[in-house]
Amino acid sequence: MSVPSTTPLQASQSEALDAIQADVLFNASLWVNIALAGVAILLFVYMGRAVESPRARLIWVATLLVPLVSLSSYVGLASGLTVGFLEMPAGHPLAGELVLTPWGRYLTWTLSTPMILLALGLLADTDLATLFTVITMDVAMCVTGLAAALITSSYALRWVFFGISSAFFLAVLYVLLVEWPDHAAAAGTNEIFGTLKLLTVVLWLGYPLFWALGPSGIAVLGPALTSWGYSALDIVAKYVFAYLLLSWVADNEGAVANAGVRLGGGAEGTAAVDD
Ligand code: RET
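Trainee: Sorry, what's going on with the nonpolar core here?
Mentor: Nonpolar side chains tend toward joint burial in soluble globular proteins. Membership of the largest hydrophobic core comes to 57 residues, with the highest contact counts inside it found for Leu120, Leu123, Trp180, Trp204 and Leu245. No other element matches helix 9 (residues 223-251), which puts 10 residues into this core. Apart from residues no more than four positions distant in its own chain, Trp204 is found in contact with Thr113, Ile116, Leu117, Asp138, Met141, Phe169, Val172 and Ala237. Judged by nonpolar contacts, the second largest core, of 11 residues, contains Ala16, Leu30, Ile34 and Ala78.

Trainee: Explain the site of the ligand here, please?
Mentor: Around the ligand sit 15 residues, and of these Ser112, Thr113, Ser165, Trp204 and Lys238 come closest. Between the ligand and the protein, one listed contact pairs an oxygen atom with a side-chain N or O atom of Ser112 at 2.8 Å. The contact in question runs from an oxygen atom of the ligand to an N or O atom on the side chain of Lys238, over 3.2 Å. If the ligand stood free it would expose 540 Å²; the protein chains cover 100% of that surface. For the shell around the ligand, the secondary structure elements donating two or more residues are helix 5 (104-123), helix 6 (128-150), helix 7 (155-187), helix 8 (190-213) and helix 9.

Trainee: Would you mind going over the pattern of salt bridges with me for this structure?
Mentor: Close approach of charged atoms allows side chains of opposite charge to pair. Inspection of every chain in the model, using the stated rule, returns three salt bridges. Put simply, Arg55 and Asp125 hold a salt bridge, and the shortest N to O gap is 3.4 Å. With a gap of 70 residues between them, Arg55 in helix 4 (residues 54-78) and Asp125 in the loop between helix 5 and helix 6 connect regions that are remote in the sequence. Take Arg55 and Asp125: they sit in the same class, and that class is buried. Two residues, Lys238 and Asp234, come together in a salt bridge whose shortest N-O distance is 3.2 Å.

Trainee: What is the right way to read the environment of Ala156 from this model?
Mentor: The residue Ala156 is located in helix 7 in this model. Of the residues examined, Ala156 reaches a relative accessible area of 51% and is grouped as exposed. Taking the C-alpha atoms as reference, Ala156 lies 32 Å from Val236; in sequence the two are 80 residues apart.

Criteria and cut-off values
- Residues numbered from 1 in each chain as written.
- Predicted model: local features only at pLDDT ≥ 70, side-chain atom pairs only at ≥ 80, totals over all residues.
- Heavy atoms only, no water.
- Core = buried A, V, L, I, M, F, W, Y, C linked by side-chain atoms within 4.5 Å.
- Buried < 20%, exposed > 50% of the residue type's maximum accessible area, 1.4 Å probe, protein only.
- Helix = DSSP H or I, 4+ residues; strand = E, 2+ residues; numbered from the N terminus.
- Contact = heavy atoms within 4.5 Å.
- Near = heavy atom within 4 Å.
- Polar contact = N/O pair within 3.5 Å; in protein donor to acceptor, adjacent residues only side chain to side chain.
- Areas by Shrake-Rupley, 256 points an atom, 1.4 Å probe, with all protein chains shown as cover.
- Salt bridge = Lys/Arg side-chain N within 4 Å of Asp/Glu carboxyl O.

Fair warning: the whole summary comes from geometry, so function is off the table for now.
This is the structure in structure tokens:
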């Protein structure tokens, strides 16, 4: 059997690692998050030690998965495994140049953002159909965002995928801004839900902005600044968000344990809801 000297998956890994390590700013944007994710995991495990009710534990595990996914994601990026060089198509400001693309980010958002939405949906005491809708729209947003970043055949098609991803994002925003506030008000969790909703909506809007301004889009920001943009958003959208949510759940376990009217499994069990 003839074995190629380098396999496609391996071809650019060490070059990517060299490029990352040569750019101190870029590298720091990854390692800061690895360190913070580690601290967050230890802190969240500690904060969840006394949580007992099944619903509160579900929120806790979903929230804990956010830094767990993040740690794995950032180690993948820092090692060069999920970073590649892509030659930008004609029309792109960097047309013909090789652009360092941390595509692993979009892939791992597919795993981390549904956890954020699951925790928020449980907090708002939503119904299964709305939860399913928001999570599938969110996964579609991440996967089509990955497509937008990876397309090298046409500059226009990169933006077409950006548009498709943004349309899925609108569905997520609709649920967060229109559907869940009502559900949270009925569940009595509207105060904390309001804070987390605001944090989520404002910060999540930053991600497409950095995509558009960074090397994937119009390239007015370089790879290191763009990476810091995402990393800074991640720090607040993941760790600060998760901390606020978990400390509230730990202090108000009763409020969460007695919810579950719409999804079932709470104090009201299978009671029907009219709304
Ligand atoms: C992309 C580009 C295409 C258009 C849109 C995007 C939105 C991304 C978002 C990401 C949120 C990520 C979070 C990660 C935490 O782990 C894919 C950048 C709309 C909203 C919160």
